[in-house]
Amino acid sequence: MMGRLFFSLLLFFVSTIVLATPSGKDLLAACEYSLDKGFSGDEGMMCTWYVTPCDCSHGDNSEIPRVCLPPVPDINALAREVMEGLAATPELLDMSADIAAGVILGESFPCADE
């Protein structure tokens, strides 16, 4: 009985952590920290991950806007662009980080339709 309760609680906490998606506000904080501290630690990884989105299958069947970055993107410049976009568009702060970054970067790095 105690084992089943422990397993249920563990499953609940793991699924809660997995489902927690960072917001635009979280991304702003991570990128501010990253630019100041040299993209180190969890914040640096988070900022880098979201400001360098993989175009993959985003677009037609996804809420995440398509972004086509140059082959060798400038992470510092992308982080600054995302931070400026978040500051200028407060409604993006409550969206998920991937959507917020996609909206901002999609304006500067649109994908050519094939």
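Rules used in this analysis
Residues numbered from 1 in each chain as written. Predicted model: local features only at pLDDT ≥ 70, side-chain atom pairs only at ≥ 80, totals over all residues. Heavy atoms only, no water. Disulfide = S-S within 2.5 Å. Helix = DSSP H or I, 4+ residues; strand = E, 2+ residues; numbered from the N terminus. Buried < 20%, exposed > 50% of the residue type's maximum accessible area, 1.4 Å probe, protein only. Core = buried A, V, L, I, M, F, W, Y, C linked by side-chain atoms within 4.5 Å. Contact = heavy atoms within 4.5 Å. pLDDT = per-residue confidence, 0-100. Expected span 1.5 Å × (residues − 1). Arc of directions from axis to C-beta.

Novice: Looking at this structure, how should I read the state of the cysteines?
Specialist: Simply put, the disulfide is a covalent bond whose two ends are the sulfur atoms of two cysteines. Within the structure shown, the criterion is met by two disulfides. Between the sulfur atoms of Cys 68 and its disulfide mate Cys 111 the distance is 1.8 Å. On the S-S bond that ties Cys 68 to Cys 111, the torsion sits near 105 degrees, and the link is right-handed. With Cys 68 in the loop between helix H3 (41–51) and helix H4 (75–88) and Cys 111 in the segment after helix H5 (97–108), this residue pair connects regions lying 43 residues apart in the sequence. On the accessibility criterion, Cys 68 (30% relative accessible area) is partly exposed. Classification of Cys 111 by relative accessible area gives buried; the value is 16%.

Novice: What exactly am I supposed to notice about the nonpolar core here?
Specialist: Nonpolar side chains in soluble globular proteins generally cluster together in the buried interior. Ranked by internal contacts, the top residues of the largest apolar core, which has 21 residues, are Leu 27, Cys 31, Cys 47, Val 51, Val 82, Leu 86 and Leu 105. Contributing elements (two or more residues each) for this core: helix H2 (24–37), H3, H4 and H5. With residues near it in sequence (within four places) discarded, Leu 27 still touches Met 46, Cys 47, Tyr 50, Val 82, Leu 86, Ala 97 and Ala 101.

Novice: Sorry, what's going on with the confidence of the model for the protein here?
Specialist: Predicted coordinates in areas of low pLDDT are best not read in detail. Confidence in the prediction for the protein averages 83 pLDDT; 75% of positions are at 70 or higher. Within the protein, helix H1 (residues 2–19) has the poorest average pLDDT of any element, 48, and H4 the best, 97. Here residues 5–18 is modelled with pLDDT under 50, and outside its nearest four sequence neighbours on either side it reaches zero contacts, counting other chains as well.

Novice: Explain H4 to me, please; I cannot follow it from the model alone.
Specialist: Owing to its 3.6 residues per turn, the α-helix aligns residues three or four sequence positions apart on the same side. Helix length check: H4 (14 residues) gives 20 Å between terminal C-alpha atoms against 20 Å at 1.5 Å per residue, within 8%. Among the residues making up H4, those that are buried are Leu 78, Ala 79, Val 82, Met 83, Gly 85 and Leu 86. Buried positions in H4, seen along its axis, are confined to an arc of 165 degrees and lie on one side of it. Those residues of H4 that are exposed and aimed more than 90 degrees away from the buried face are Glu 84, Ala 87 and Ala 88.

Novice: Help me understand H2 in this model?
Specialist: In this model, H2 (14 residues) spans 20 Å end to end at C-alpha, consistent with the 20 Å of a helix rising 1.5 Å per residue. Those residues of H2 that fall on the buried side of the exposure criterion are Gly 24, Leu 27, Leu 28, Ala 30, Cys 31 and Ser 34. On its buried face, H2 sits against H3, H4 and H5. Just beyond H2, the residue with positive phi is Gly 38, at close to 80 degrees.

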